[in-house]
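What follows is each chain in one-letter form.
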Amino acid sequence: MRALENSLPIEELNRVALAEGNAKKPVYQMHKWWARRLGSVFRLITLSSFIPGSIDGNKVWQMFCEGVDPGGKLILDPFMGGGTTVVEALRLGCRVIGLDINPVAWFTTKKQIETVDLEELQAAFQRLDQTVGKRIRSYYKTRCPQGHPAERMYYFSVKIAKCTRCHRYVSLFPNYELSRDEHEITAVCPKCYAIVNSKRTKNRAQCPDCGYSYDPRRGNAGRGSYTCGHCGQEDTVLEAVRRLQKPLPPRLYAIEG
């Protein structure tokens, strides 16, 4: 019996996995891969697969944190996908064989584990920044409401549908939040589309421009249906698409710069 079957420190792993899950891996910038697994989970699974089951969970966790000599263990992953098993087994010091029929999986994993000349890599980034980077950034120029030039970072848009009763366009917001942190919620006003900041402890936000009071966590659309904010008419998104006979158009309502 191995530690994987007998003494896996699940509670300790959960805390690490949660932190890792909230941070995107740099490899995601190379290519999206479906069902990518958390490295910390696979690292502990791999480690626990060659540790005797007689070792308790605290000792297993200590090995996970401090490292352990795997003794030349060989790991085979015949369907490596995004390469999580390959990368984490190498971190443990194992020998690894990874296979995949998909050339994108092979290329992505290969680039994750290749030796990199950091100075050469930084120089390449600088060349890109000074050439194609300048051209791309020229399409993302905007002006801050305070009057100075700015670069656009994110565009926020929402689908719109026409109300069958009052014939006004309805923005289909599942909620009105743009972002939140420990103390504050940034949201959009559903009446005038002004940006509103409110304390997270409050269930209501009041727009400083039009005075409208609303709950930023509750929108007018969800579970395939929506409600018109002008007359209260309810409808389904599917019926709105059928009437239009094409996808619902988007409405840009905020730009982050």
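Before any of the text, the structure's been laid out above.
Worth saying up front: this structure is predicted, and the values here are computed from it rather than measured. (Residues numbered from 1 in each chain as written. Predicted model: local features only at pLDDT ≥ 70, side-chain atom pairs only at ≥ 80, totals over all residues. Heavy atoms only, no water.)

1. Concerning the overall build of the protein chain
Here is step 1: Counting secondary structure elements, the protein chain contains nine helices and 15 strands.
Here is step 2: Along the first, second and third principal axes, the C-alpha set of the protein chain runs to 70 × 50 × 40 Å.
Here is step 3: Every one of the 257 residues in the protein chain was classed for burial, and the buried ones make up 30%.
Here is step 4: In the protein chain, the proportion of contacts linking residues at least 24 apart, taken out of those at least 6 apart, comes to 50%.
Here is step 5: In the structure as shown, the protein chain presents an accessible area of about 17,500 Å², 53% of it carried by carbon and sulfur atoms. (Helix = DSSP H or I, 4+ residues; strand = E, 2+ residues; numbered from the N terminus. Buried < 20%, exposed > 50% of the residue type's maximum accessible area, 1.4 Å probe, protein only. Contact = heavy atoms within 4.5 Å. Areas by Shrake-Rupley, 256 points an atom, 1.4 Å probe, with all protein chains shown as cover.)

2. Points about the packing of helix H2 (residues 10-21) against helix H3 (residues 39-49)
Here is step 1: It is at 8 Å that the axes of H2 and H3 come closest, and there the two elements cross at 145°. Here H2 contributes Leu13, Val16, Ala17 and Glu20 to the contact with H3, which in turn contributes Gly39, Ser40, Val41 and Leu44.
Here is step 2: Split into classes, the residues belonging to the contact of H2 with H3 amount to five nonpolar, two polar and one charged. (Axes fitted to C-alpha atoms, helices over the stretch in contact; angles between N-to-C directions. Nonpolar A, V, L, I, M, F, W, Y, C, P; charged D, E, K, R; others polar.)

3. Quick word on unusual backbone geometry
Here is step 1: Look at His167: it is not a glycine, yet its phi comes out positive at around 65°.
Here is step 2: Within the secondary structure, His167 sits in the loop between strand E5 (154-162) and strand E6 (169-171).
Here is step 3: According to the relative accessible area criterion, His167 is exposed, its value standing at 51%.
Here is step 4: One non-glycine residue, Tyr193, lies in the positive phi region at around 65°.
Here is step 5: Note on placement: Tyr193 falls in the loop between strand E8 (184-188) and strand E9 (195-199).

4. Things to note about the sheet that holds E5
Here is step 1: Spatially, E6-E5-E15 is the arrangement adopted by the three strands of the open sheet, whose pairing is antiparallel. Each having just a single partner strand, E6 and strand E15 (250-256) make up the two edges of the open sheet. Neighbour-to-neighbour, the strand axes of the sheet open up by a mean angle of 35°, direction not taken into account. (Pairing = 2+ DSSP bridges.)

5. Quick look at the pairing of E9
Here is step 1: By the alternation rule, side chains of E9 split into Val196 and Ser198, which are all buried, and Ile195, Asn197 and Lys199, of which none is buried.
Here is step 2: With antiparallel pairing between neighbouring strands as the criterion, E8 and E9 make up a hairpin whose turn holds six residues, including Tyr193 at a positive phi of roughly 65°.

6. Here we look at the sheet that holds E8
Here is step 1: Read across the sheet, three strands follow the order E7-E8-E9 without closing on themselves; strand pairing throughout is antiparallel. Here the strands that pair on one side only, and so sit at the sheet edges, are strand E7 (177-180) and E9. Neighbouring strand axes in the sheet, compared pairwise and without regard to direction, differ in orientation by 20° on average.

7. Side note on helix H6 (residues 103-113)
Here is step 1: Among the residues of H6, those classed as buried are Ala105, Thr108 and Thr109. Seen along its axis, H6 keeps its buried residues to an arc of 95°; they face one direction.
Here is step 2: In this structure, the buried residues of H6 make contact with helix H5 (84-92).
Here is step 3: Two or three places before Val104, at the start of H6, stands the capping residue Asn102, its side-chain oxygen 2.8 Å from that residue's backbone nitrogen. (Arc of directions from axis to C-beta. Polar contact = N/O pair within 3.5 Å; in protein donor to acceptor, adjacent residues only side chain to side chain.)

8. Thoughts on the side chain of Glu177
Here is step 1: Relative to the assigned elements, Glu177 resides in strand E7.
Here is step 2: A distance of 2.6 Å separates polar atoms of two side chains, one belonging to Glu177 and the other to Arg180.
Here is step 3: If we ignore the near neighbours within four places in the chain, the residues touching Glu177 are Ile185, Thr186, Ala187, Pro216 and Arg217.

9. Looking at the packing of aromatic side chains
The description of two aromatic rings rests on the distance between their centres and on the angle between their planes.
Here is step 1: Under the counting rule described, the total for this entry stands at eight aromatic pairs.
Here is step 2: Ring plane angle 50° and centroid distance 5.1 Å describe the contact between Phe173 and Tyr176, whose orientation is recorded as tilted. The same class applies to Phe173 and to Tyr176, which are both buried.
Here is step 3: Ring geometry for Phe173 against Tyr253: centres 4.9 Å apart, planes inclined by 75°, an arrangement best described as edge-to-face. Pair noted here: Phe173 is in the loop between E6 and E7 and Tyr253 is in strand E15, with a separation of 80 residues, a long-range link. Both residues of the pair, Phe173 and Tyr253, count as buried.
Here is step 4: The residue whose ring lies beneath Lys191 is Tyr212, and the NZ or CZ to ring-centre distance is 5.1 Å. (Phe/Tyr/Trp six-rings, centres within 6.5 Å; stacked < 30°, edge-to-face > 60°. Lys NZ or Arg CZ within 6 Å of the ring centre and 35° of its normal.)

Honestly, it's all geometry; don't read function into it.
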